[in-house]
Amino acid sequence: MSHIGKFARYSMLCYTKRKMKINYSDIISICSAIAAWVAALLAYRSSRIAKRSLAISENQEQDRSPNLEPYLSESFTCKTEDDLYRIYAFSILVNNKSDMPNTLSRAELSISYRYQNDLITNILLPHSDDNIIESNAVSIVPIILPAQIDIRHTISGWFVFKIRREQLTNLSIENYQLKLYDSRGNISIVRPIIIKEIIDENEIQKN
């Protein structure tokens, strides 16, 4: 019986050691899983912080970069009293969205047209503050360029363009583009869809 008892105690001891080994193995596995989860969480948090920092940096850089945003308020076209020229006039608001001051240096009106051979080409007309419009129908004083625009400020004015009427003879006009240039060479574009025609009352009476 003593030999049987010794064998039983030995068997129980082996079983206990084997069970302890299994438990240690489970603990190590659990700890490894927790460590991997914590590492993944820290990596995700670091990625979020990095993306947020990059977005802030990009926004700051964008705020410092030139950024003029034009808005079309009104537009019209009319003939001069001598009937030699056609006038195009656009009332524009220009917003400086940057954290840096900027200058609106010049403006051009691009008229795209289809000629007799179906070739599409452009006429470029410069804005001039000498193009003052005085008639019974309308009175316009053009904006003077270059024009300074302070940080986060807006300026407004009339951009006026003039072309001899014979240059538009037999032309099929496709579209208009008003191009505004800042002092750094950046271009902002306004695309008017409809330009209303203004007719002088004197011309109506003549007809």
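Just so you know, these numbers come straight off a predicted model, no measurement behind them.

1. What about the packing of aromatic side chains?
In step 1: Tallied over the full model, the rule gives three aromatic pairs.
In step 2: Centre to centre, the rings of Phe 90 and Phe 161 are 6.1 Å apart; their planes meet at 65 degrees, and the pair counts as edge-to-face. With Phe 90 in strand β2 (residues 85–96) and Phe 161 in strand β8 (residues 154–164), this residue pair connects regions lying 71 residues apart in the sequence.
In step 3: According to the relative accessible area criterion, Phe 90 is buried, its value standing at 0%.
In step 4: For Phe 161, a relative accessible area of 0% gives the class buried.

2. Brief notes about the pairing of strand β4 (residues 120–126)
In step 1: Of the pairings in the sheet, the one linking strand β3 (residues 102–114) to β4 comprises seven bridges and is antiparallel in character. Counted as the bridge partner of Arg 114 is Ile 120 from β4.
In step 2: Connecting β3 to the antiparallel partner β4 that follows it, the hairpin turn spans five residues, and Asp 118 within it adopts a positive phi of roughly 70 degrees.

3. Some words on the nonpolar core
As a rule of thumb, soluble globular proteins bury nonpolar side chains together.
In step 1: Counting 27 residues, the largest nonpolar core has Tyr 88, Leu 104 and Phe 159 as the members making the most contacts within it.
In step 2: When residues in this core are grouped by element, the largest group, five residues, is from β3.
In step 3: Counting 10 residues, the second-largest nonpolar core is a separate cluster that includes Ala 89, Ile 133, Trp 158 and Val 160.

4. Concerning the pattern of salt bridges
In step 1: Counting across every chain of the model gives nine salt bridges.
In step 2: Measuring nitrogen to oxygen at the nearest pair gives 3.5 Å for the salt bridge that ties Lys 196 to Glu 74. Within this pair, whereas Lys 196 is found in strand β11 (residues 196–197), its partner Glu 74 is found in strand β1 (residues 68–79), the two being separated by 122 residues in sequence.
In step 3: Taking the relative accessible area as the measure of exposure, Lys 196 reaches 42% and is therefore partly exposed.
In step 4: Exposure remark for Glu 74: the relative accessible area of 35% places this residue in the partly exposed category.
In step 5: Salt-bridge contacts for Arg 152 lead to Asp 99; the nearest nitrogen and oxygen are separated by 3.1 Å. Of this pair, Arg 152 sits in the loop between β7 (147–149) and β8 while Asp 99 sits in the loop between β2 and β3; the two residues are 53 residues apart in sequence, bridging distant segments of the chain.
In step 6: The partly exposed category is assigned to Asp 99, whose relative accessible area is 33%.
In step 7: Because the salt bridges share partners, they merge into one network encompassing Lys 79, Asp 83 and Arg 165.

Conventions used here
Sequence order as written defines the numbering, with residues in each chain counted from 1. Totals for whole chains, interfaces and linings use all residues, but because this is a predicted model, local features are given only for residues with pLDDT of at least 70 and pairs of side-chain atoms are given and counted only at 80 or more. Based on all heavy atoms of the structure, the side-chain values leave hydrogens and waters out of the count. When two rings of Phe, Tyr or Trp (its six-membered ring) have centres within 6.5 Å they constitute a pair, described as stacked for plane angles under 30 degrees, edge-to-face for angles over 60, and tilted for the intermediate range. Under the scheme used here, helices are H or I runs from DSSP no shorter than 4 residues and strands are E runs no shorter than 2 residues, and both carry numbers assigned from the N terminus. Throughout, exposure labels follow a simple rule: accessible area from a 1.4 Å probe, protein chains only, divided by the maximum for the residue type, with under 20% read as buried, over 50% as exposed, and the rest as partly exposed. Strands are labelled as partners when DSSP assigns at least two bridges between them. Buried Ala, Val, Leu, Ile, Met, Phe, Trp, Tyr and Cys residues form a nonpolar core when they are joined through side-chain atoms within 4.5 Å. A side-chain nitrogen of Lys or Arg and a carboxyl oxygen of Asp or Glu constitute a salt bridge if their distance falls within 4 Å.

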